[in-house]
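Working through the structure, step by step
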Amino acid sequence: MKELCQQLSVWIAQKQPVRVQTAQGEETVVLPVKLYQEARKLFVYNRQMRLMNIPLDGIISVQPTRITGSFDRRGEEAIVHTR
């Protein structure tokens, strides 16, 4: 777990998107922003730029990944149609 925390700290400093697989079987691409080792929580932004926390105990694997396109998809939701 100590190696995972050190590697996560490096990826946070580099602003590297990562693919996280959790114990519930979910696999998602997130942007890690803050690691609280005492609370055993990792705070991340998902693709919709919503802040989430992931308990470190629930993480099975974390791998760096490349993304295509923009990570911020708020522009898609902000389209306003006027007459």
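The shown structure was predicted, so the numbers you read here are calculated from the model rather than taken from an experiment. (Residues numbered from 1 in each chain as written. Predicted model: local features only at pLDDT ≥ 70, side-chain atom pairs only at ≥ 80, totals over all residues. Heavy atoms only, no water.)

1. Some remarks on the sheet that holds strand S2 (residues 27–36)
As summarised here, the arrangement of the five strands in space is S4-S3-S2-S1-S5, forming an open sheet in which the pairing is antiparallel. Pairing within the sheet leaves two strands with one partner each, and these edge strands are strand S4 (51–55) and strand S5 (59–64). Taken over all neighbouring pairs, the strand axes of this sheet differ in orientation by 45° on average, direction set aside. Taken together, the four bridges between strand S1 (residues 18–22) and S2 define a ladder with antiparallel strand orientation. Looking at S2, one finds that Val 20 is bridged to Thr 28. Of the strands in this sheet, S1, S2, strand S3 (41–45) and S5 touch helix H1 (residues 2–14), which is tilted by about 95° from S2. (Pairing = 2+ DSSP bridges. Helix = DSSP H or I, 4+ residues; strand = E, 2+ residues; numbered from the N terminus. Axes fitted to C-alpha atoms, helices over the stretch in contact; angles between N-to-C directions. Contact = heavy atoms within 4.5 Å.)

2. Examining the nonpolar core
Leu 8, Val 20, Leu 35, Leu 42, Leu 56, Ile 59 and Val 62 are the most contacted members of the largest nonpolar core, which has 14 residues in total. Elements represented by at least two residues in this core include exactly H1, S1, S2, S3 and S5. A per-element tally of this core places H1 first, with four residues. The contact partners of Val 20, leaving out residues within four places of it in the chain, are Glu 26, Glu 27, Thr 28, Val 30, Ile 54, Ile 59, Ser 61 and Val 62. (Core = buried A, V, L, I, M, F, W, Y, C linked by side-chain atoms within 4.5 Å. Buried < 20%, exposed > 50% of the residue type's maximum accessible area, 1.4 Å probe, protein only.)

3. Overview of the confidence of the model for the protein chain
For the protein chain, per-residue confidence averages 83 on the pLDDT scale, and residues scoring 70 or more make up 81% of the total. Per-element confidence in the protein chain is highest for S3, whose mean pLDDT is 93, and lowest for helix H2 (residues 74–77), whose mean pLDDT is 55. (pLDDT = per-residue confidence, 0-100.)

4. Some details on the environment of Ile 12
Tracing the sequence through the fold places Ile 12 in helix H1. Measuring from C-alpha to C-alpha, the distance between Ile 12 and Val 33 comes to 5.7 Å, with 21 residues separating the pair along the chain. With sequence-adjacent residues up to four places away left out, Ile 12 is seen in contact with Pro 32, Val 33, Lys 34, Leu 35 and Leu 42.

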